[in-house]
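# Secondary and tertiary structure notes
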Amino acid sequence: MNPPSASALLGAITAASRNEPDSGIMSAVNHGNGRTDIIPVWSGEGNVPTPEAFCRPAIESLLQGETFYTWQRGIPPLREALARYHERHYGRPFDPENFFVTGGGMQAIQTIIQMIAGAGDEIVLPTPAWPNYAGPMRLSGARPVEVPLDFENGSWHLDLDKLFGAITERTKAIVLNSPSNPLGWTASLDDLKAVRDECRKRGLWIVGDEVYARFYYGGAHETRAPSFLDICDSEEQLLLANTFSKNWAMTGWRVGWLQAPKALGPAIERIIQYNTSGTAAFLQRGCAAALDDGEDFIAEQVKQARANRDLVAQSLRRHPQVRFELPKGAFYMFFAIEGMKDSLATTLSIIDEAKVGFAPGGTFGPGGEGFLRMCYLRDPAKLKEALDRFGTWLETSKPS
Ligand SMILES: Cc1ncc(COP(=O)(O)O)c(C=O)c1O
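Quick caveat: nothing in here was measured; it's all calculated off a predicted structure. (Residues numbered from 1 in each chain as written. Predicted model: local features only at pLDDT ≥ 70, side-chain atom pairs only at ≥ 80, totals over all residues.)

Scanning the chain for helices and strands turns up 14 helices and 15 strands. For the chain, whose C-alpha radius of gyration is 21 Å, the value lies close to the compact-globule estimate of 21 Å for 400 residues. If you line up the chain on its principal axes, its C-alpha atoms span 60 × 60 × 50 Å. When the 400 residues of the chain are sorted by exposure, 48% land in the buried category. Of the contacts made within the chain by residues no fewer than 6 positions apart, 73% connect residues no fewer than 24 positions apart. (Helix = DSSP H or I, 4+ residues; strand = E, 2+ residues; numbered from the N terminus. Rg over C-alpha atoms; globule rule 2.2 N^0.38 Å. Buried ≥ 20, exposed ≤ 12 C-beta atoms within 10 Å, placed from the backbone. Contact = placed C-beta atoms within 7 Å.)

Below, the structure is given as structure tokens:
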């Protein structure tokens, strides 16, 4: 028998898996990956490897034979360390039973979507947003209802009336990512309260993504962004996706967590069982060390990110055709180039011609076209070089 053609094979999978568009971030990465002459600033991660103090307990765990199946919800010492970490930063008691360890923040997001929305359901999502929200929603049959923030007079503004106006009888949740990837826009406590109150009134899930909470450039003594945890009860209709990737430089470890009401424990445990069947115990040992001993490292990373943000802003301000808001959080600069209509084509040209790898704004949904995103949690010398190359490109080329 001749094997079926590629198109026959693609025809035999579900339409959702066949038709889901690529993430534009991955399109940029795939275009430039492996080319050593390029300075990549497309992905959301720093240039510093995971500190040895977090790696050591993982290595020791392996050598001590922690190589068996493990707890579906995560090992108790990590869930206890999560409760301690939250107590330190949010100033009230937390219960380990509200924490579920996942394969990266991404699996926490997947679990949330799987739990709360199916075919025909809607989830309201302010955009520009990380494409890994709308994509998995569509793959699960749910419809992301994307509500663009307004970029007015050089700053991003969330219109709460517009956001709440997008709610229908099919809506299951509002997702709020703050500080935001890609904008760095950060919700005020009043924004969070308004979302909480609307969700309470309409019986909706509040889905919070605060993975960049520690990368917050507020006042001198503020060590995190405003949070749903400041104003919500742990047992209410609140689900929070989080990750070790960003604060502790552990993107490659693929460990995150989901914070949820205790009543959902058995449901979450089932989803994890039928998905990854748990996160490797040795990885979790490293994550517990990061939570308990990671504060100096985080402080250093945030200091570097703030300095880099200012460096990028200073460089981009030299170009009158570039517009942006100085981000309040996260570690991305999201900037518009006058006249740019196709951010993906422009991104690919800049990779080829200037040898700098940005991510195209269009991939972040409505409101994102016309912008590019750069991650600035990088070595400052490399960042300067990337900005110089881009500046020269801007002077000599036209965006698509
Ligand atoms: C807003 C947001 N949420 C969640 C994640 C998940 O991160 P990971 O799957 O690496 O843990 C990311 C990663 O870029 C992100 O930007």
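What follows picks up the thread again.
All of the buried residues along helix α13 (residues 343-353) are Ser343, Leu344, Thr346, Thr347, Ile350 and Ile351. Along α13, the residues classed as buried sweep out an arc of 160° about the axis, all on the same side. Of the surrounding secondary structure, the elements contacted by the buried residues of α13 are α3 (24-32), β13 (356-357), β14 (359-360), β15 (371-375) and α14 (380-396). (Arc of directions from axis to C-beta.)

Glancing now at the packing of helix α5 (residues 76-90) against helix α11 (residues 281-293). At a minimum axis distance of 9 Å, the contact between α5 and α11 shows a crossing angle of 20°. As judged from the angle between their axes, α5 and α11 are roughly parallel. In the packing of α5 onto α11, the handedness of the crossing is left-handed. For the pair α5 and α11, contact is made by Pro77, Leu78, Ala81, Leu82 and Tyr85 and by Gln284, Cys287, Ala288, Leu291 and Asp292, respectively. (Axes fitted to C-alpha atoms, helices over the stretch in contact; angles between N-to-C directions. Parallel < 35°, antiparallel > 145°, perpendicular 65-115°, else oblique. Left-handed = near helix turned anticlockwise from the far one by under 90°.)

Okay, the sheet that holds β15 next. Pairing is antiparallel in the open sheet, where four strands are placed in the order β11-β12-β15-β14. Each edge of the sheet is formed by a strand with only one pairing partner; in this case those strands are β11 (322-324) and β14. Of the pairings in the sheet, the one linking β14 to β15 comprises two bridges and is antiparallel in character. Note on β15: the bridge partner recorded for Ala359 is Arg373. (Pairing = 2+ DSSP bridges.)

On to the sheet that holds strand β4 (residues 143-148), then. Pairing is mixed across the open sheet formed by seven strands, whose spatial order is β2-β10-β9-β8-β7-β3-β4. Each edge of the sheet is formed by a strand with only one pairing partner; in this case those strands are β2 (99-102) and β4. Within this sheet the neighbouring strands show an average axis-to-axis angle of 20°, counted without direction. Examined bridge by bridge, strand β3 (residues 122-127) and β4 share six bridges and lie parallel to one another. By the bridge assignment, Thr127 is partnered in β4 with Pro148. The strands touched by α5 are β2 and β10 (256-259); relative to β2, the strand with the most contacts, the crossing angle is about 120°.

The subject of this paragraph is the environment of Gln64. On the secondary structure map, Gln64 appears in the loop between α4 (52-63) and α5. The exposure class of Gln64 is exposed, given the 10 C-beta atoms found within 10 Å. Taking the C-alpha atoms as reference points, Gln64 and Phe282, 218 residues apart in sequence, are found 9.6 Å from one another.

To continue, consider the site of the ligand. As a matter of local geometry, the ligand sits amid 14 residues, with Gly104, Gly105, Met106, Thr243 and Ser245 nearest to it. At the level of secondary structure, the elements contributing two or more residues to the shell around the ligand comprise α6 (104-116) and β9 (238-243). Here the shell around the ligand gets three residues from one element, more than from any other, and that element is α6. Residue composition of the shell around the ligand, grouped by class: four nonpolar, nine polar and one charged. (Near = placed C-beta within 6 Å. Nonpolar A, V, L, I, M, F, W, Y, C, P; charged D, E, K, R; others polar.)

On to the packing of α6 against helix α7 (residues 131-139), then. Helix-helix packing is characterised by the crossing angle of the two axes and by the distance between the axes. Put simply, α6 and α7 touch, their axes get as near as 10 Å, and they point 40° apart. Here α7 runs oblique to α6, going by the angle between their axes. Viewed along their axes, α6 and α7 form a crossing whose handedness is right-handed. Of the residues in α7, those in contact with Met106, Ile109, Gln110 and Ile113 of α6 are Asn132, Tyr133, Pro136 and Met137. Taken together, the residues of the contact of α6 with α7 break down into six nonpolar, two polar and no charged.

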